[in-house]
Every structure is written in structure tokens, then in C-alpha cells.
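The chain contents come next:
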Amino acid sequence: MNKKAHQMTKRYKLKNGSDIGYKRAVSNISKLLRKNLELTSTQITDRLEFKVNELTFLLPYLTGKNILSSRRTDAHTLVYYKNIPNALAELFYPQPKYPQSVIKGRYTHRSK
């Protein structure tokens, strides 16, 4: 498979030789991090028995999609953890939902 394949279409290889898809990989990662753990990418790879460097591009992709969050520790290691949604914040500050056909782009007009 192409190395630059999109993360959702890529097949992720396990140490036992089998491979799994995007949805199953994300559900396995979510189940692991649901226990309020903060793990590095190598720890996640070892515990879920993925091959080395299989999750190199998936974990930052999930961070961008707000499925996971990441932070740097005092030792400058990057750790990932599960987003725990705040129900009160979602209730009091709901996100606006616009249909995709309405917003075509954003223009900034400045006076000269």
C-alpha cells in the first residue's frame, strides 16, 4: 500500500501478522485510553501489539479530529490521553450547526 495513504483507508498491521482497519484501530485505542491513562505512542503500540511505527500518523490525526488529546510532560515526552467531554459545557455552549451548502468560504474585507 502507498505510504502516503489516508489514515482512514490504511490497514494497520499487528505483530501477529494480521491487519485491522481504521475503525477497529480507533476503537482499540479509545478502549485503552478510556481508563484515564496517559501513554506515549510507543506504549500504545506495545500494549495493543501493533508493529513498530504503525501509529505514527494515526495518533496525530486523531488528535486533530479531537478524539484524543496530547500534551508534553516535564521530561518533554508527548503523551496521549482520551478526551473526556464536559456535558455541562456542551449543554450551555452548543456548537452552531450550519449546513455545508450555506458556507462557501470566508472573506475579510479591509478598508484601504
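Structure first, text after, so check above.
As a starting point, this report considers the structure included with it.

Thresholds applied
- Residues numbered from 1 in each chain as written.
- Predicted model: local features only at pLDDT ≥ 70, side-chain atom pairs only at ≥ 80, totals over all residues.
- Heavy atoms only, no water.
- Helix = DSSP H or I, 4+ residues; strand = E, 2+ residues; numbered from the N terminus.
- Buried < 20%, exposed > 50% of the residue type's maximum accessible area, 1.4 Å probe, protein only.
- Contact = heavy atoms within 4.5 Å.
- Areas by Shrake-Rupley, 256 points an atom, 1.4 Å probe, with all protein chains shown as cover.
- Core = buried A, V, L, I, M, F, W, Y, C linked by side-chain atoms within 4.5 Å.
- Pairing = 2+ DSSP bridges.

## A look at the overall build of the chain
Helix and strand counts for the chain stand at four helices and four strands. Considering the chain as a whole, with its 112 residues, one finds that 27% of them fall into the buried category. Contacts spanning at least 24 positions in sequence make up 47% of the contacts within the chain whose residues lie at least 6 apart. A total of about 9,300 Å² of accessible surface is found on the chain, and carbon and sulfur atoms cover 52% of it.

## Some points on the nonpolar core
Formed by 20 residues in total, the largest nonpolar core has its most connected members in I29, I44, F50, L55, L58 and L62. Among the secondary structure elements, those contributing two or more residues to this core are α1 (22–33) and α3 (58–64). Element by element, the count of residues in this core is highest for α1, at six residues. For I29, the contacting residues outside a window of four places in its chain are I44, L48, L55, L58, L59, L62 and L68.

## Concerning the pairing of strand β4 (residues 78–82)
Of the strand pairs in this sheet, strand β3 (residues 68–72) and β4 are connected by five bridges, and their pairing is antiparallel. Paired with S69 across the two strands is Y81, which belongs to β4. Hairpin geometry of β3 and β4 is characterised by an intervening segment of five residues between the two adjacent antiparallel strands and by a positive phi of about 65 degrees at H76.

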